[in-house]
Amino acid sequence: MSLTKSERAIILAMWAKMATKMEEIGTETLHRLFCSFPQTKTYFPHFDLHAGSAQLRAHGAKVVAALGDAAKNIDNVSGALARLSEMHAYILRVDPVNFKLLSHCLLVTLATHFPADFTAEAHEAWDKFMSLVSSVLTEKYR
């Protein structure tokens, strides 16, 4: 799956705005994931998953930082996320469907934080980008 030049520009422009709110966006995305899809909580039995908990904020920031690495390495997302791909497949054994669920929750979070910027074109670009990220994170499962 390849992103057009326009889609890449949209991803990078939105990333620049997200970078200033990594913890907030990540925390809200994870909270939305756990509320909407409670089965995803099974991967975090040792976490305090209450809204705004320190563990949720820290992990949310990590998730968004990883997306930032992918965005900054948009021509080599596979290389940028190789370590995470291996960890999620071999160590954490996360069901691949969860990456799609997380992607959906992130799109909703971006739409609520950046309503003026989250146009139909931005939605399409981010959906495509998150599909690419999900594909990379699940490539070790194959």
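Up top is the structure these notes are about.
These figures come from a predicted structure and were not determined experimentally.

### Thoughts on helix H1 (residues 5-18)
Item 1. The end-to-end C-alpha separation of H1 is 20 Å, in line with the 20 Å expected for 14 residues at 1.5 Å each.
Item 2. Residues of H1 that are buried include every one of Glu7, Ile11, Met14, Trp15 and Met18, and no others. Relative to the axis of H1, the buried residues are bounded by an arc of 110 degrees and lie together on one face.
Item 3. Contacts made by the buried residues of H1 are with helix H2 (22-36), helix H3 (54-72), helix H6 (97-113) and helix H7 (120-138).

### Quick look at the nonpolar core
Looking at soluble globular proteins, one finds that nonpolar side chains tend to be buried together.
Item 1. By size, the foremost hydrophobic cluster in this structure holds 31 residues, and its most contacted members are Met18, Leu81, Trp126 and Phe129.
Item 2. Looking at this core, the elements with two or more residues in it are H1, H3, H6 and H7.
Item 3. The leading source of residues in this core is H7, at 9 residues.
Item 4. Setting aside its immediate chain neighbours within four residues, Met18 contacts Ile25, Val64, Leu106, Leu110, Phe114 and Trp126.

### Comments concerning the environment of Lys72
Item 1. Examined against the element boundaries, Lys72 turns out to sit in helix H3.
Item 2. Residue Lys72 is classed as exposed on the basis of its relative accessible area, which comes to 57%.
Item 3. Sequence separation between Lys72 and Phe129 is 57 residues; the distance between their C-alpha atoms is 12 Å.

Conventions and cut-offs
Residues numbered from 1 in each chain as written. Predicted model: local features only at pLDDT ≥ 70, side-chain atom pairs only at ≥ 80, totals over all residues. Heavy atoms only, no water. Helix = DSSP H or I, 4+ residues; strand = E, 2+ residues; numbered from the N terminus. Expected span 1.5 Å × (residues − 1). Buried < 20%, exposed > 50% of the residue type's maximum accessible area, 1.4 Å probe, protein only. Arc of directions from axis to C-beta. Contact = heavy atoms within 4.5 Å. Core = buried A, V, L, I, M, F, W, Y, C linked by side-chain atoms within 4.5 Å.

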